[in-house]
Amino acid sequence: MTTLSRLTGATALALLLGLSGPATAQTSPALTIGMDVDAGTLDPRLARDTTAFRTADLIYSGLVQLTPELQAVPELAESWEAPDATTLVFTLREGLTFSDGSPLTADDVVFTFKSILNPDFAAPMRALYAPIAAVEAVDARTVKFTLAAPYAPVLSYLDIGIVPKALVEAGHDLAANPVGAGPMRLVEWNRGAAIVLEPNPAYWGGAPAVGRLTLQIIANNNARAQALEAGDLDLIQSPLSPQDIARLAADSRFQNTIMPGLGVTYLNFNTRDPLLADPAMRRAFAMLVDQETIVNEIYQGVDAVATGVILPSSWAYSADISQPGFDPEGAAAAFEALGWRDSNGDGIRDRDGRKLAVTLATHTEDPNRVQTIEYLQAVMQQAGVEASVRLTDWPGFSTNYVQKSEHQIALLGWLNIVDPDRMLYGQLTTGGPLNWGGYSNAEVDAALTAGRTALDIPARTEAYRRAAAVLAEEVPYFIVSYQGYQMFAKADLPVKPTASPRGYLRGAIMAPAN
Amino acid sequence: MLAYTIRRLLLLVPMGAGMVVVTFGLLLLIPGDPAALMLGQEAPAEAIAALRRSLGLDDPWHLRLGRYFLALVQGDMGMSLFQSQPVATIIWGRLGATVELAVAALLLASAIGISLGVVAAMRQGSWVDTLAMLFAQLGVSMPVYWLALLLMLGFAVHLGWLPAVGRGAPMSEALWAALRGRPEMLVQSLSYLVLPAFALAMNAAAVISRLVRASMLEVLREDFVRTARAKGLRRPRVVVRHALRNALLPVLSVIGLRFGALLGGAVLTESIFAWPGLGQLTIAAISQRDLPLIQGIVLTFAIVFALVNLVVDLLYAAVDPRVRLE
């Protein structure tokens, strides 16, 4: 009796091992992807670098998943409804489990969002979830979100990974040993070198087409491109150097995807600066931005010329709205009309004995931005503006300069604009937390508030177009380019990778059917 | 000699403390708020202020420095702001890779530098000498990151002989496996090590070859060399046993000092070859203003450098009987 049951157990174990171990490893290929930074953490709630986001997206699953077209589709939640404008009720799929086998229930969802909303937890993305007033578990498979006010973009942010409550409360360190309900699970994390993942058999959506995924960290952009050419890597993605892009694109060994990304590169005008307080003055400066040359020569055509604050891929985009274009004569006329003339013939415009001088700033990590700002300086100099350039590294530029509103004109970017609200509300409403240029316009405030609280797309579209039209006229932001996203992969990969504008990698590991 | 060693080791304490104070001062001077960087561009000012308070970044500098020292004497280098791990754990995990790379580069640089220097000195004024010194000129003037990319382009991308980036199994494990009859691992580890070690070694090799050449030329003119030749000893024996041994003495101390430059070069080499060592970590830590991690790395580099120079000084005494350590 005992022997028999032991035997059966052993056979079952052998069968199990035979089926789940070597078999999958043989049939599913391995894939190595180059990443530009190491992840700081693998706890999705604390992620702040691109690798952390991209890896967490593989290890964890959220209530929803965003498609490459940014539509929220069911992931852990099989469905949801909005009984009224401030309530969202999600129903979880049946039988969900984390990769350690423990069940995933509504309690885990509630715990995840409560910890993100807890100020002491210092979650980098907390501001995005701030309008959530309450989140509660109705039953084991039902979660109810109550919003303080209608907040249309919220669905786009509910793709953040759900973490296991019991494990975290027991003191488990998710940052180093992640446990999620996503398609992959962590095998090994060799800090600074590589993150190795394998399929998570507990994933609700079935097995990925890749048996082993190595995320190899190579900080240097040129080295990453060369590693692809040398065959050490199967796939690389933005950020890449324009010179490498041109070379790789001409190489038939690689497939190449280029698509509009979710970021913009823009000029932030400090509207509280006496020189730049007048919209006419900002417009004159904007007319000196030669976007065609910047995009085609400096960014090698990977980015696209921007026309306004809304991404062309967004439902809210309208081709009829357009910020000032490159027009040096128009700029000259505008400066003249505002009283800035070269009265002493030194080549620099002046007014009331003061020179027309402005400081252009950006950060040194991105050589393309440095080139852009130097090119702007040259064009401005020709137009009679004494433009000086301030270059520091990112910490010195962002946290100690722009975020303290000490700039005049700064070149920087916004990323992950999954909803127009994300790049506009905090940034351009009066007193908004990210309004470093101190811009204030009642009409824009009203339109941006309407855009976030209106619940149907036509009403939101109308609101954002209203705001975009005013902003194109007043230019507190001048959007230089819409960032492109680029991916290169070996032409003969077993799974044809589908790119996502955020650089998320599920499209590279899941068969297209998923 | 033992007393000397102990005294030198004790000197590490004030040196380390000095390094901490200098690094701390520099970190106070460079702009950039770690709290704001931790929370990212989208964080509102209140959240940043709250995090600054909870990290103790708003406390006066002497309080922060005092707190750091207090923890340090208890063996605690603090927690990394960005990696949610203790600084000591992170550094310990990376130190081996950097030491391996630096030692490999130093051995390579010494081998190349000494042989080139000797050959150049023996054939002074010939084309061999010109070629060797041309190499030295190139090695001294070529920036390490550029050389690194060139090597990668040549040997990994075009020829495909060596992997472009990454590291194999640690050399200690690979050697152990090779001793037990499994050399594949060692071959693999070496294939990863060759390019970064060579890129890092070039500069030091060039400096060493110049120095060996100059030193050899001087020694070859000494009386004892002529005496040795006159006694009928053959030239190679005179060069290696008599001249080189004396010529190497000044070179030895330079090699010790070059180790510092090698650690600096490792910062660039590692980030290009994705070598998971302290150099790469340094760049990441500085760009994130991860203050405790930067402090820890600088302190570690300083201690390693000081220890290597201590070893060199001891070797010097062992090789040259004229040197007495007191």
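It should be emphasised that the depicted structure is a prediction, and the values quoted were computed from it without experimental measurement. (Residues numbered from 1 in each chain as written. Chains lettered and ligands numbered in written order. Predicted model: local features only at pLDDT ≥ 70, side-chain atom pairs only at ≥ 80, totals over all residues. Heavy atoms only, no water.)

The next subject is the overall build of chain A. Within chain A, the regular secondary structure consists of 18 helices and 19 strands. Per-residue burial over chain A gives 55% buried out of 514 residues. In chain A, 67% of the contacts between residues at least 6 apart in sequence involve partners at least 24 apart. When the accessible surface of chain A is split by element, carbon and sulfur atoms take 54% of a total near 20100 Å². Where the 36 positive side-chain charges of chain A centre and where its 56 negative ones centre are 4 Å apart. (Helix = DSSP H or I, 4+ residues; strand = E, 2+ residues; numbered from the N terminus. Buried < 20%, exposed > 50% of the residue type's maximum accessible area, 1.4 Å probe, protein only. Contact = heavy atoms within 4.5 Å. Areas by Shrake-Rupley, 256 points an atom, 1.4 Å probe, with all protein chains shown as cover. Lys, Arg positive; Asp, Glu negative; His and termini not counted. Charge placed at Lys NZ, Arg CZ, Asp CG, Glu CD.)

Time to look at the environment of B:Ala261. Residues and elements named next belong to chain B. Mapping alanine 261 onto the fold places it in helix α11 (residues 235–273). Here alanine 261 falls in the partly exposed class, since its relative accessible area comes to 39%. In this structure, the C-alpha to C-alpha distance between alanine 261 and alanine 204, residues 57 residues apart in sequence, is 8.2 Å.

The next thing to look at is empty space enclosed by the protein. All names here are of chain A. Per the stated rule, a full pass over the model turns up 6 cavities of 30 Å³ or more. In terms of lining residues, the largest cavity is bounded by 20 residues, among which Phe53, Asp159, Ile160, Arg502 and Tyr504 are the most central. If you list the elements that add at least two residues to the lining of the largest cavity, you get α3 (50–59), α5 (126–129) and α6 (154–157). Looking at the lining of the largest cavity, the element that brings in the most residues is α3, giving 3 residues. Tallied by class, the residues present in the lining of the largest cavity amount to 11 nonpolar, 5 polar and 4 charged. (1 Å grid on protein atoms, 1.4 Å probe; cavity = no way out; pocket = protein on both sides within 12 Å on 5 of 7 lines; lining within 4 Å. Points joined across faces, edges and corners; volume = space filled by probe spheres on them. Nonpolar A, V, L, I, M, F, W, Y, C, P; charged D, E, K, R; others polar.)

A word on the domain arrangement of chain B. All names here are of chain B. Once the domains are mapped, chain B shows domain 1 (2–73) and domain 2 (91–325). Summarising the inter-unit geometry, the C-alpha centres of domain 1 and domain 2 are found 33 Å apart. Taken together, the contact between domain 1 and domain 2 spans 21 residues of the former and 18 residues of the latter. For the pairing of domain 1 and domain 2, the buried interface totals around 1700 Å² over both sides, and the portion due to carbon and sulfur atoms is 76%. Looking only at domain 1, the three residues that lose the most surface to domain 2 are Tyr4, Arg8 and Leu27, adding up to 30% of its buried area. For the pair domain 1 and domain 2, the number of links is 1 salt bridge. Residue arginine 8 pairs with aspartate 313 through a salt bridge whose shortest N-O separation is 2.6 Å. (Domains from an automatic or database assignment. Buried area = accessible area lost by both parts, 1.4 Å probe. Salt bridge = Lys/Arg side-chain N within 4 Å of Asp/Glu carboxyl O.)

What follows deals with the sheet that holds strand β6 (residues 132–139) of chain A. Residues and elements named next belong to chain A. Pairing is antiparallel in the open sheet, where 4 strands are placed in the order β4-β5-β7-β6. Of all strands in the sheet, those with a lone pairing partner are β4 (77–81) and β6, marking the two edges. Averaged over all neighbouring strand pairs, the angle between strand axes comes to 20°, with direction disregarded. In this structure, β6 lies alongside strand β7 (residues 142–147), joined through 6 bridges in antiparallel fashion. Counted as the bridge partner of glutamate 136 is lysine 144 from β7. Against the sheet, helix α4 (residues 106–117) makes contact with β5 (87–92), β6 and β7, and its axis sits at roughly 165° relative to β6, the strand it touches most. (Pairing = 2+ DSSP bridges. Axes fitted to C-alpha atoms, helices over the stretch in contact; angles between N-to-C directions.)

In this complex, chain B contributes 36 residues to the contact, which on the side of chain A involves 41 residues. Interface of chain B and chain A: buried area, both sides summed, is about 3100 Å²; carbon and sulfur atoms make up 55% of it. If you look at where chain B meets chain A, you find 2 salt bridges. Measuring nitrogen to oxygen at the nearest pair gives 2.9 Å for the salt bridge that ties B:Arg289 to A:Asp393. The interface formed by chain B and chain A holds 10 residue pairs in polar contact (both at pLDDT 80 or more) in total. Contributing elements (two or more residues each) for the side of chain B that touches chain A: α2 (34–39), α3 (45–55), α7 (144–158), α11 and α12 (278–288) of chain B. A breakdown of the residues in the side of chain B that touches chain A according to their chemical character gives 23 nonpolar, 9 polar and 4 charged. (Polar contact = N/O pair within 3.5 Å; in protein donor to acceptor, adjacent residues only side chain to side chain.)

What follows concerns the packing of aromatic side chains. Residues and elements named next belong to chain A. Under the counting rule described, the total for this entry stands at 14 aromatic pairs over all chains. With a centroid separation of 5.5 Å and an interplanar angle of 75°, the aromatic rings of phenylalanine 90 and phenylalanine 145 are classed as edge-to-face. With phenylalanine 90 in strand β5 and phenylalanine 145 in strand β7, the pair connects residues that are 55 residues apart, well separated along the chain. Owing to a relative accessible area of 1%, phenylalanine 145 belongs among the buried residues under this scheme. (Phe/Tyr/Trp six-rings, centres within 6.5 Å; stacked < 30°, edge-to-face > 60°.)

Let's shift gears to helix α6 (residues 127–141) of chain B. All names here are of chain B. When the terminal C-alpha atoms of α6 are compared, their 21 Å separation across 15 residues agrees well with the 21 Å that a helix rising 1.5 Å per residue should span. Within the sequence span of α6, burial applies to Val128, Asp129, Ala132, Met133, Ala136 and Gly139. Summarising the axial view, the buried residues of α6 lie within an arc of 125°, below the 170-degree limit, and thus occupy one face. Exposed and oriented more than 90 degrees from the buried face of α6 are Trp127, Thr130, Leu131 and Leu134. Residue serine 126 occupies the N-cap position of α6, its side-chain oxygen lying 3.2 Å from the main-chain nitrogen of valine 128. (Expected span 1.5 Å × (residues − 1). Arc of directions from axis to C-beta.)

Counting 106 residues, the largest nonpolar core has A:Phe113, A:Tyr129, A:Phe145 and A:Leu213 as the members making the most contacts within it. When neighbours within four sequence positions are excluded, A:Tyr129 is seen to be in contact with A:Phe113, A:Ile116, A:Leu117, A:Tyr157, A:Leu158 and A:Ile160. One finds B:Leu57, B:Ala197, B:Ala228 and B:Ile297 within the second-largest nonpolar core, a separate group that totals 70 residues. (Core = buried A, V, L, I, M, F, W, Y, C linked by side-chain atoms within 4.5 Å.)

Once the charged atoms of two side chains with opposite charge are near each other, the side chains can pair. All names here are of chain A. Summed over all chains, the structure comprises 28 salt bridges over all chains. Its salt-bridge partner being lysine 355, residue glutamate 386 comes within 3.4 Å of it at the nearest N-O pair. One end of the pair, glutamate 386, is in strand β17 (residues 386–392); the other, lysine 355, is in strand β15 (residues 354–355), and 31 residues separate them in sequence. With relative accessibility at 43%, the residue lysine 355 sits in the partly exposed group. Of the charged contacts in the structure, one is a salt bridge between arginine 369 and aspartate 366, with a shortest N-O distance of 3.6 Å. Through salt bridges that share partners, Asp57, Glu75 and Arg506 make up one connected network.

Our focus in this paragraph is a nonpolar patch on the surface. Residue and element names in this part refer to chain B. Where nonpolar side chains cluster on the molecular surface, the patch consists of Tyr145, Trp146, Leu150 and Leu268 and spans about 390 Å² of accessible area. Among the elements that take part in the nonpolar patch, α7 stands out by supplying 3 residues, more than any other. Since its relative accessible area comes to 43%, tyrosine 145 is described here as partly exposed. (Patch = residues over 30% accessible without salt bridge, like charges linked within 9 Å, V, L, I, M, F, W, Y side chains within 5 Å.)

As a further point, take the packing of helix α8 (residues 221–229) of chain A against helix α9 (residues 242–249) of chain A. Residues and elements named next belong to chain A. At a minimum axis distance of 9 Å, the contact between α8 and α9 shows a crossing angle of 15°. When the axis of α8 is compared with that of α9, the two are roughly parallel. Taken as a pair, α8 and α9 cross one another with a handedness that is left-handed. Residues Asn221, Asn222, Ala225, Gln226, Leu228 and Glu229 of α8 form the contact with α9, whose participating residues are Asp244, Arg247 and Leu248. (Parallel < 35°, antiparallel > 145°, perpendicular 65-115°, else oblique. Left-handed = near helix turned anticlockwise from the far one by under 90°.)

Below, the discussion takes up the environment of A:Trp80. All names here are of chain A. Among the structural elements, tryptophan 80 can be located in strand β4. Judged by relative accessible area, tryptophan 80 falls into the partly exposed class, the value being 25%. Residues tryptophan 80 and threonine 142, spaced 62 residues apart in sequence, show a C-alpha to C-alpha distance of 9.4 Å. Excluding residues that lie within four positions of it along the chain, tryptophan 80 makes contacts with Val64, Ala72, Val73, Pro74, Leu88, Val89, Phe90 and Leu155.

All names here are of chain B. Of the residues in chain B, 99% reach a pLDDT of 70 or more, and the chain-wide mean stands at 87. Element-level pLDDT for chain B is lowest in α11, with a mean of 83, against a maximum mean of 91 in helix α5 (residues 87–122). Listed scores for the predicted complex are pTM 0.83 and ipTM 0.77. (pLDDT = per-residue confidence, 0-100.)

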